[in-house]
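# Summary of structural features
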Amino acid sequence: MDINITKEDFDLTKEIEIFNQGSLDHGAISIFIGKVRPEKNLQSMHIDCYPEMAQKKIKSITEIARSKWTLDNIRIVHRYGSLKPNDNIVLVIIGSSHRSDSMSANEFIMDYLKSSAPFWKKEIYSDKEIWIEQKESDLRKLYQWEKLSL
Amino acid sequence: MDINITKEDFDLTKEIEIFNQGSLDHGAISIFIGKVRPEKNLQSMHIDCYPEMAQKKIKSITEIARSKWTLDNIRIVHRYGSLKPNDNIVLVIIGSSHRSDSMSANEFIMDYLKSSAPFWKKEIYSDKEIWIEQKESDLRKLYQWEKLSL
Amino acid sequence: MKLKYFAWIAEIIDKREESLEIPSEIETIGQLVNYLSSIDETYKKAFEKRKNIKFAVNQVLVNENELISKADEIAFFPPMTGG
Amino acid sequence: MKLKYFAWIAEIIDKREESLEIPSEIETIGQLVNYLSSIDETYKKAFEKRKNIKFAVNQVLVNENELISKADEIAFFPPMTGG
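Reading guide: rules and limits
Residues numbered from 1 in each chain as written. Chains lettered and ligands numbered in written order. Predicted model: local features only at pLDDT ≥ 70, side-chain atom pairs only at ≥ 80, totals over all residues. Heavy atoms only, no water. Helix = DSSP H or I, 4+ residues; strand = E, 2+ residues; numbered from the N terminus. Rg over C-alpha atoms; globule rule 2.2 N^0.38 Å. Buried < 20%, exposed > 50% of the residue type's maximum accessible area, 1.4 Å probe, protein only. Contact = heavy atoms within 4.5 Å. Areas by Shrake-Rupley, 256 points an atom, 1.4 Å probe, with all protein chains shown as cover. Lys, Arg positive; Asp, Glu negative; His and termini not counted. Charge placed at Lys NZ, Arg CZ, Asp CG, Glu CD. Buried area = accessible area lost by both parts, 1.4 Å probe. Salt bridge = Lys/Arg side-chain N within 4 Å of Asp/Glu carboxyl O.

Moving on, we get to the overall build of chain A. The helix and strand tally for chain A stands at four helices and eight strands. In sequence order, the secondary structure elements of chain A are arranged as β-α-β-β-α-β-β-β-α-β-β-α. Against the compact-globule benchmark of 15 Å for 150 residues, chain A has a radius of gyration of 16 Å, which places it among compact chains. C-alpha atoms of chain A, sized along the principal axes, occupy 50 × 40 × 30 Å. Counting across all 150 residues of chain A, residues that qualify as buried make up 55%. Pairs at least 24 residues apart make up 78% of the contacts formed inside chain A by residues separated by at least 6 positions.

Here it is, written out as structure tokens:
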């Protein structure tokens, strides 16, 4: 398992190479890439981060995912700093013997990354700056997962 | 939208490049790669295919997915012919403005590809050849999706 | 009529496709299966497990009662296992 | 005590982190927030919307009643919006 909290961009090909070094014994690989959505007039997105806590938190999220599904290796990259529209923000790669395990775990990890890992997004427009607020709908996804585990 | 039924291997980097030419307006990209699982003593996997029907069927699956979720471009590659353990079988790339749309659509498309697109897998061992049978659990996934749409 | 066979059905019949003259009284896929099974032991063997066989007419999945005509491409195959 | 601030809280306080001597009677995060708000208008403004602020002690999310000590790293931030 590998978690990379970084200002640097990632290259999918290289990330997959590193991922495959960890294991080749998976029949299923699910990948999710989150990017800065090119909203109208958006100049850039600033992502603030608490790196030490992010590392711990993401590790704990992946451990919970491993307890729920049968997973091989996991690779997560989350960027912070100043990003432009269409820039990469986050990458989650999950190998498993079973496609539904790799896909469900990917969705689970993304849902928790979004609302419980210490990152904060600010949208920067020419005339204003807006800290994005946590969405009720994102929190509801966490409740759904917690309901499922009861 | 692009559907490629082919004997050739695919290269993820090139596929993503082609995919990105179609549109860059997505904040979320979900990718699924299915490979030949390296079962013990498995020498190769033969995938039989009805290409003309596969093309039609996969097109119709993606159209249903588009009616259910808000999706940008979709790229699907499904191989047939003789494959070795760890070889790529299938690739599904889906762009969307919303991560849950791209992820759910990817799972939906994979579920239908698996049980309703005209491909048939045969496992080849040194001493026997086994046509894989359709799994009850895979069919149940389709019933689940159909139940959801009612 | 153009017939196509896939997976283990093609292996038993030992052909992937063929063109056959079918008597005009054969109107449905079910009748076609019965007809083929009656003219040759190989077809009979291939179509034995009728419940495990699916049919497509012109690349669209249909059931046994589907009407067929000379110009159609009929395909026979087991349940799909791709992905 | 090491204090860290993130997102708009860091902007209001105009610092990302600082080390402060905290009176020994301050035992919980909630008391710390009240104390900081009492000594300076800037903290008061930053911590005004208390319901919108989350706390971590040594990189673990906690609630207002969490006990804190001199050696701890305390972080203040709004609800997370990463991913």
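Counting its regular elements, chain C contains three helices and five strands. Traced from its N-terminal end to its C-terminal end, chain C shows the element sequence β-α-β-α-α-β-β-β. The principal-axis extent of the C-alpha atoms belonging to chain C is close to 35 × 25 × 20 Å. Going through the 83 residues of chain C one by one, you find that 48% of them count as buried. Within chain C, contacts between residues separated by at least 24 positions form 51% of all contacts whose residues are at least 6 apart in sequence. As displayed, chain C offers around 4400 Å² of accessible surface, 46% of which is attributable to carbon and sulfur atoms. The distance from the centre of the 11 positive side-chain charges to the centre of the 14 negative ones in chain C is 6 Å.

Let us look at the interface of chain A and chain B. Listed by partner, the interface residues are 33 residues for chain A and 33 residues for chain B. Approximately 2700 Å² of surface area, both sides summed, lies buried where chain A meets chain B, with 54% of it carried by carbon and sulfur atoms. On the chain A side of the interface with chain B, the three residues burying the most area are A:Lys35, A:Arg99 and A:Met103, jointly 24% of the side's total. Our enumeration of links across chain A and chain B arrives at four salt bridges.

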